[in-house]
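Commentary on secondary and tertiary structure
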Amino acid sequence: MSDKTENNFWSGPITGTRVKPGAVRLPEMLLGYFIGPFGALLSSGIFTSFLNKYLTDVLRLDTGFLSALQLVSTLLIVAANLIVGQLIERTRALAGKARPWILLSALTLSVSSVLMFIVPFEGTAKLVWIAIAYNLYYAVAYPIYNTANSTLVPVSTRDSKQRATLASFTNVAGLAVMGVGSMVFPMLVSNVMKEDRNMWFLVMLGVAVFSGLTIFLQFQFTRERVTEETRGAAGEESQAKTASMGEQLRAVTSERWWWIAILFYLVFQWSGAMKNGSMSYFCQWVADSSAFGGDYGAVQSLLAVLGAIPMAAAAAVVVPLANKFGKRTVTIAGMVLGVAGGVIAGLGNGQIVPVAVGVALKCLGSSPACYLILAMLADVIDHIEFKRGIRTDGLTMSIYSSVMVAATPVCNAVFMAMLGSSGYAAPPEDAAAAAAMTQTAAVRSTIGVSYIWVETVAYALCALLMVLWTVEKNLPEEQKAIQARRKRGA
């Protein structure tokens, strides 16, 4: 995309940014980094908690097919994220390099999010339709949005504290949609939608419309200040060229702090995906729901609420604590607390009180990592720019997005394979028979490990990784050097 051919389009009343230059203000924080991502990621939050259950219990698809589909799709997802990252890095528009793709996502993400709930065929044709629809969402639409959305934080401003705030808003939005997927949606599923395909379609259609509108708001209320640094008054690039993918790859892979941040996020995100994908199964087959009359949806909502409350409270203090003590210290403390919570939940053996207490502590401990990871990656990107003289936003955020997007299909595939090998049986269509059904001890053990212990062990590993991450120490001086270099025209 080129400024010379698109200046008029990107400066129009609809496609122009509503954010003024200068410091980040509240409307940009709320609309560009919370409301917009919340709407965009809402379908993903629902899919993370309930797509497996929809595919196995509503569409009655075989766990073997689902496991194979999601593993194969991961290859397409990773490739798509890398391609989108390079397209973003090479975009030359007055709107910036990430924001034009945000605008495109208002259409692509909203449309693709509802295709798996149409299902006009049966038999083999149904499997083909699901495979295509699944990949249109996860391997096309979602990489476009998520890579562009992730790139917005490092290019929004050079101010590390403001970036931490924007990263916090973005990740609060992501956690909020997970809350909707695990709090509100379970009640809809267990009491209204159940196994009615038409109801699933109508609900997801409403989600798709909401997503399109909020993504457009995000486009209008964001600005790429760092991208604008490289432009002259006429919008011309001040740098001779964009670094090639090979140059970016050599720059990031030679930086140990980049590896630490990416490995930390991979372990953190994938263990969380395993937990989220198994949550509805845990609440139905492992957790004691007798206090709720056997309503597993109420159990899931309770656990989600008890997890969301401490995370919501932490949103007010994580960034101030990180500004005072550093992202590294706060994140390590959170991971240690998360491990303690996981142990309590695991030892609870399905009893609702210890499980709820443990989940609450584990979610509280995860909040620094959730809120600060984008800011941490932005710090590493600035450090690499200081050392190498090139920006690596596109490659870094495409890899970040690959880790995020691939987490759900990979972990769902693994979980489906584990369920299948342990002897899981989908509930019968008859409501009375389904209510009386139980799973074997092997199935219950598999679900418990997936929901509690995988993430608990992962948090311990994340704490050890963070001990090695010290990029913050010299970052202010490095950013000053970058600014001085740009003023000299270097």
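Residues numbered from 1 in each chain as written. Predicted model: local features only at pLDDT ≥ 70, side-chain atom pairs only at ≥ 80, totals over all residues. Heavy atoms only, no water.

Here we come to the overall build of the chain. Regarding its fold elements, the chain presents 18 helices and zero strands. A compact globule built from 490 residues should have a C-alpha radius of gyration of about 23 Å, and the chain, at 22 Å, falls within 12% of that. Overall, the chain is about 75 × 50 × 40 Å in size when its C-alpha atoms are taken along their principal axes. A buried classification covers 58% of the 490 residues belonging to the chain. In the chain, 85% of the contacts between residues at least 6 apart in sequence involve partners at least 24 apart. Total accessible area on the chain is roughly 18,600 Å²; 68% of this is exposed by carbon and sulfur atoms. Side-chain charges of the chain comprise 37 positive and 29 negative groups, with the mean position of each set lying 8 Å from the other. (Helix = DSSP H or I, 4+ residues; strand = E, 2+ residues; numbered from the N terminus. Rg over C-alpha atoms; globule rule 2.2 N^0.38 Å. Buried < 20%, exposed > 50% of the residue type's maximum accessible area, 1.4 Å probe, protein only. Contact = heavy atoms within 4.5 Å. Areas by Shrake-Rupley, 256 points an atom, 1.4 Å probe, with all protein chains shown as cover. Lys, Arg positive; Asp, Glu negative; His and termini not counted. Charge placed at Lys NZ, Arg CZ, Asp CG, Glu CD.)

As for its placement among the helices and strands, serine 280 is situated in helix α10 (residues 256-285). Among the residues examined, serine 280 registers a relative accessible area of 0% and is labelled buried.

A word on the confidence of the model for the chain. Summarising the model, the chain shows a mean pLDDT of 86, and 94% of its residues fall at 70 or more. Within the chain, no element has a lower average pLDDT than helix α1 (residues 3-10), which sits at 56, and none a higher one than helix α13 (residues 327-347), at 96. Across residues 233-240, confidence stays below pLDDT 50; counting only partners more than four residues off in sequence or on other chains, it has 13 contacts. (pLDDT = per-residue confidence, 0-100.)

Before going further, it helps to examine helix α14 (residues 352-388). Taking 1.5 Å per residue, 37 residues should reach 54 Å; α14 reaches 53 Å between its end C-alpha atoms and fits that length. In the structure, α14 departs most strongly from a straight axis at leucine 372, where the bend amounts to approximately 50°. Positive phi shows up at glycine 389, right after α14, with a value of about 80°. (Expected span 1.5 Å × (residues − 1). Bend = angle between axes of the 7 residues up to and from the residue.)

Ranked by size, the top nonpolar core spans 141 residues in total, and within it Leu51, Tyr54, Trp200, Phe282, Leu303, Ile447 and Trp469 carry the most contacts. For this core, the leading source of residues is α14, giving 17 residues. In this structure tryptophan 469 touches Trp257, Ile260, Ala261, Lys327, Arg328, Met376, Asp379 and Val380, once residues within four positions along its chain are discounted. (Core = buried A, V, L, I, M, F, W, Y, C linked by side-chain atoms within 4.5 Å.)

What follows is about the environment of valine 119. Within the element layout of this structure, valine 119 appears in the loop between α4 (99-112) and α5 (124-156). Valine 119 sits in the buried class, given a relative accessible area of 8%. Residues valine 119 and alanine 133, spaced 14 residues apart in sequence, show a C-alpha to C-alpha distance of 9.3 Å. Contacts of valine 119, omitting those with residues within four sequence positions, involve Tyr54, Leu59, Lys126, Trp129, Ile130 and Arg197.

Quick look at the packing of helix α2 (residues 26-58) against helix α15 (residues 393-422) now. Look at α2 against α15: their axes get within 11 Å of each other, and the N-to-C directions meet at 45°. Of the possible angle classes, the one that applies to α2 and α15 is oblique. Crossing of α2 against α15: the hand is right-handed. Here α2 contributes Thr48, Asn52 and Thr56 to the contact with α15, which in turn contributes Thr408, Asn412, Phe415 and Met416. Of the residues assigned to the contact of α2 with α15, the class counts are two nonpolar, five polar and no charged. (Axes fitted to C-alpha atoms, helices over the stretch in contact; angles between N-to-C directions. Parallel < 35°, antiparallel > 145°, perpendicular 65-115°, else oblique. Left-handed = near helix turned anticlockwise from the far one by under 90°. Nonpolar A, V, L, I, M, F, W, Y, C, P; charged D, E, K, R; others polar.)

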